[in-house]
Amino acid sequence: MKVRKLLGFIGKALGVVLVLVAIVVAWNWSQLSAFPDLPSSYEAKELCSCLFVEGRDQEHCEGFIRQDVVPIEGRSYDMSGKTVTVRALWTENRAHYVSPRVGCVLDP
């Protein structure tokens, strides 16, 4: 009988926690939905700045921005057009070099 009461209590507590998590997710959905763009836009901007503003080589720049949290699906470089494209979390973002003063910006 005690085990049954304990399991009932645990089930109710888990239910309350799940409802609270659902409320927090719904409340912050606009911020959470922007997350998939972050890794690819960060890497594109940083790689572009490292390559075209700082003038470093590709190997150094890839090692500098390396992170192991989110897998990067691919990177492509257009050295003549001075653009970097990165794919991660089902999104693709591109950054291009503007000028020495402005540096690199993300394409919309």
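Presented here is an overview of the structure given in this document. (Residues numbered from 1 in each chain as written. Predicted model: local features only at pLDDT ≥ 70, side-chain atom pairs only at ≥ 80, totals over all residues. Heavy atoms only, no water.)

Notes on helix H3 (residues 37–53)
Moving on, step 1. A rise of 1.5 Å per residue sets the reference length of H3, with its 17 residues, at 24 Å; its end C-alpha atoms lie 23 Å apart and thus fit the reference within 8%.
Moving on, step 2. Among all positions in H3, only Pro39, Ser40, Ser41, Glu43, Ala44, Leu47, Cys48, Ser49, Cys50, Leu51 and Phe52 are buried.
Moving on, step 3. Each element contacted by the buried residues of H3 is listed here: helix H4 (58–64), strand E1 (72–78), strand E2 (83–88), strand E3 (91–99) and strand E4 (103–106).
Moving on, step 4. Once H3 finishes, Gly55 follows within two positions and takes phi at roughly 75°, a positive value. (Helix = DSSP H or I, 4+ residues; strand = E, 2+ residues; numbered from the N terminus. Expected span 1.5 Å × (residues − 1). Buried < 20%, exposed > 50% of the residue type's maximum accessible area, 1.4 Å probe, protein only. Contact = heavy atoms within 4.5 Å.)

Some remarks on the sheet that holds E2
Each strand in a sheet pairs with another by means of backbone hydrogen bonds, the pair being arranged parallel or else antiparallel.
Moving on, step 1. Taken in spatial order, the four strands of this open sheet run E1-E2-E3-E4, and their pairing is antiparallel. A single partner strand is all that each edge strand has here, and the edge strands are E1 and E4. When the angles between neighbouring strand axes are averaged without regard to direction, this sheet yields 20°.
Moving on, step 2. Two strands pair when backbone bridges link them, and E2 and E3 are joined in this way by six bridges, in the antiparallel orientation. Counted as the bridge partner of Thr85 is Arg94 from E3. (Pairing = 2+ DSSP bridges. Axes fitted to C-alpha atoms, helices over the stretch in contact; angles between N-to-C directions.)

Observations concerning the side chain of Ser41
Moving on, step 1. In this structure, Ser41 sits in helix H3.
Moving on, step 2. A residue is classified by how much of its surface remains accessible, and Ser41, at 14% relative accessible area, is buried.
Moving on, step 3. In terms of polar contacts, Ser41 uses its side chain to reach the backbone carbonyl oxygen of Leu38, at 3.2 Å.
Moving on, step 4. Residue contacts for Ser41: discarding those within four places in its chain leaves Asn93 and Leu106. (Polar contact = N/O pair within 3.5 Å; in protein donor to acceptor, adjacent residues only side chain to side chain.)

Thoughts on a nonpolar patch on the surface
Moving on, step 1. Together, Val3, Leu6, Leu7, Phe9, Ile10 and Leu14 give the surface a local cluster of nonpolar side chains, amounting to about 640 Å² of exposed area.
Moving on, step 2. Among the structural elements, Leu14 can be located in helix H1 (residues 2–27). (Patch = residues over 30% accessible without salt bridge, like charges linked within 9 Å, V, L, I, M, F, W, Y side chains within 5 Å. Areas by Shrake-Rupley, 256 points an atom, 1.4 Å probe, with all protein chains shown as cover. Salt bridge = Lys/Arg side-chain N within 4 Å of Asp/Glu carboxyl O.)

Thoughts on the nonpolar core
Moving on, step 1. Membership of the largest hydrophobic core comes to 13 residues, with the highest contact counts inside it found for Leu47, Cys48, Phe52 and Val84.
Moving on, step 2. Sorting the residues of this core by element identifies H3, E2 and E3 as the ones contributing at least two each.
Moving on, step 3. If you tally residues by element for this core, the top one is H3, at six residues.
Moving on, step 4. When near neighbours in sequence (up to four residues on either side) are disregarded, Leu47 contacts Cys61, Glu62, Ile65, Arg75, Tyr77, Val84 and Val86. (Core = buried A, V, L, I, M, F, W, Y, C linked by side-chain atoms within 4.5 Å.)

Some words on the pairing of E1
Moving on, step 1. Across six bridges, the pairing between E1 and E2 is antiparallel. Each bridged residue has a counterpart across the sheet, and for Asp78 the counterpart in E2 is Thr83.
Moving on, step 2. In sequence, E1 turns back onto E2 through a hairpin of four residues, with Lys82 there showing a positive phi of about 55°.

Honestly, it's all geometry; don't read function into it.
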